[in-house]
Amino acid sequence: MTVLVLVGIAAAVAVAAHRVVGRGGWVSRAPRLGVLAWLASAAAAITAAAAAGVAVVGHETSAPRAWVDALWRLCLAAFAGGHGRAAQAAALSASVLLAVGAGRLATASWQVVAVAARQRREHRAMLRLADPVAGDRELTVLVHPEPVAYVVAGRPARVVVSTTALAALSEAELAAVLAHERAHVAGRHHWLLGMTALLRRAFPGVPLFTHAARQTARLVEMCADDAATRTHSRLALARALVAMAVPTPAGALSAAGGGAAERPRRLPAPPPP
């Protein structure tokens, strides 16, 4: 019975939790709590599924320390047909699913983690050819025809602003944008995006993981907005977002990123907490 309950919880959370969290108007009012809700929902689905497997093993033994031996004996007996043909077919199916899941996780890890790290290394190597700002080794001015500002994660993280953005933004707007980008670094937002992107790539058919990746990208931008506007003008940041509505380089976090259409409306008149 416990196994069925845990499997039911995992399936319900994976399929329906995004509707509950996504419909909540409070998410935009409290983006940090919204990010936590999406991550907690994903963790709940994964934990419930894993707990169901542990419960299956626990049914075979009352000694918690012997669960590995019990799992081994259970699998061998099932593969040999010791529990009937149905159990043998279930064991073979579970093995195939486990292999497919492990393969998808490995592939997704390479595509998301390794590829993103390579993109950041290549981008940082390109930025080393640009002129750093005097007295600030974490800020680089890049000659570029578009008004862009973004941050490339790493040690140290590097904030990049284009010459066109410097010309287009006022002093107050530029200060607000730079504070926004540095808030991404302080909040380690690239790690949050990496985790949700990994789950979405590994299990594309699970609605929760698909929505969690998309909404987390939107909410971390609001988190950075809120952090920047604690010390800078909300109106200045809103004007800067409108001026910099251009695509973000791969592997970077930009002030003009997720939710750029709604954030300029949110900033001047923030919703109640």
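Now for a quick tour of the structure.

**Describing the environment of alanine 45**
Phase 1: Tracing the chain through its elements places alanine 45 in helix 3 (residues 31-58).
Phase 2: Note on alanine 45: relative accessible area 6%, which makes it buried.
Phase 3: Between the C-alpha atom of alanine 45 and that of alanine 17, which follows or precedes it by 28 residues, the distance is 9.3 Å.
Phase 4: Residues contacting alanine 45, with those up to four places away along its chain left out, are Ala10, Val13, Ala14 and Leu208.

**Here's the deal with the nonpolar core**
Phase 1: Counting 21 residues, the largest nonpolar core has Val35, Trp38, Leu208, Phe209 and Leu219 as the members making the most contacts within it.
Phase 2: Counting residues per element, the ones that place at least two in this core are helix 1 (2-22), helix 3, helix 8 (189-202) and helix 9 (207-228).
Phase 3: The leading source of residues in this core is helix 9, at seven residues.
Phase 4: Sequence-distant contacts of phenylalanine 209, defined by excluding residues within four places in its chain, comprise Ala42, Ile46, Thr196, Leu199, Arg200 and Phe203.
Phase 5: Counting 20 residues, the second largest nonpolar core, distinct from the first, contains Val159, Val177, Ala238 and Leu267.

**Regarding the pattern of salt bridges**
Phase 1: Applying the stated criterion to the full structure yields four salt bridges.
Phase 2: With its nearest N and O atoms 3.0 Å apart, the salt bridge here joins arginine 266 to aspartate 226. Separated by 40 residues along the polypeptide, arginine 266 in helix 11 (residues 263-266) and aspartate 226 in helix 9 bring together distant segments of the chain. The burial state of arginine 266 is the same as that of aspartate 226; both residues are buried.

**Topic: the pairing of strand 3 (residues 149-152)**
Phase 1: Going residue by residue along strand 3, you find Ala149 and Val151 tucked away on one face and Tyr150 and Val152 tucked away on the opposite face as well.
Phase 2: Relative to strand 4 (residues 158-162), strand 3 runs antiparallel, the two being bridged by four bridges. For alanine 149, the partnering residue across the bridge sits in strand 4 and is valine 161.
Phase 3: Hairpin remark: strand 3 followed by strand 4, antiparallel, with five residues in the connecting loop; positive phi at glycine 154, about 155°.

**Here's the deal with the pairing of strand 4**
Phase 1: The buried fraction of strand 4 amounts to five of the five residues, a majority that puts the element mostly inside the structure.
Phase 2: Judged by which residues are buried, strand 4 turns out to be covered on both faces: Arg158, Val160 and Ser162 on one side and Val159 and Val161 on the other are all buried.

**What about a nonpolar patch on the surface?**
Phase 1: A surface patch of nonpolar side chains, amounting to about 290 Å² of accessible area, comprises Trp26, Leu33 and Leu36.
Phase 2: Inspection of the secondary structure puts leucine 33 in helix 3.
Phase 3: Judged by relative accessible area, which is 47%, leucine 33 ranks as partly exposed.

**Description of unusual backbone geometry**
Phase 1: Within the chain, arginine 188 stands out as a residue other than glycine whose phi angle is a positive 50°.
Phase 2: With relative accessibility at 54%, the residue arginine 188 sits in the exposed group.

**Re helix 8**
Owing to its 3.6 residues per turn, the α-helix aligns residues three or four sequence positions apart on the same side.
Phase 1: With 14 residues, helix 8 should reach 20 Å at 1.5 Å per residue; the first-to-last C-alpha distance of 20 Å fits that figure.
Phase 2: Among all positions in helix 8, only His189, Leu192, Leu193, Thr196, Ala197, Leu199 and Ala202 are buried.

**Topic: helix 10 (residues 234-243)**
Phase 1: Those residues of helix 10 not exposed but buried are Ala236, Leu237, Ala238, Ala240 and Leu241.
Phase 2: A side-chain oxygen of the first residue of helix 10 lies 3.3 Å from the backbone nitrogen of leucine 235; this N-cap is serine 233.

Here is what the cut-offs are and how they apply
Residues numbered from 1 in each chain as written. Predicted model: local features only at pLDDT ≥ 70, side-chain atom pairs only at ≥ 80, totals over all residues. Heavy atoms only, no water. Helix = DSSP H or I, 4+ residues; strand = E, 2+ residues; numbered from the N terminus. Buried < 20%, exposed > 50% of the residue type's maximum accessible area, 1.4 Å probe, protein only. Contact = heavy atoms within 4.5 Å. Core = buried A, V, L, I, M, F, W, Y, C linked by side-chain atoms within 4.5 Å. Salt bridge = Lys/Arg side-chain N within 4 Å of Asp/Glu carboxyl O. Pairing = 2+ DSSP bridges. Patch = residues over 30% accessible without salt bridge, like charges linked within 9 Å, V, L, I, M, F, W, Y side chains within 5 Å. Areas by Shrake-Rupley, 256 points an atom, 1.4 Å probe, with all protein chains shown as cover. Expected span 1.5 Å × (residues − 1). Polar contact = N/O pair within 3.5 Å; in protein donor to acceptor, adjacent residues only side chain to side chain.

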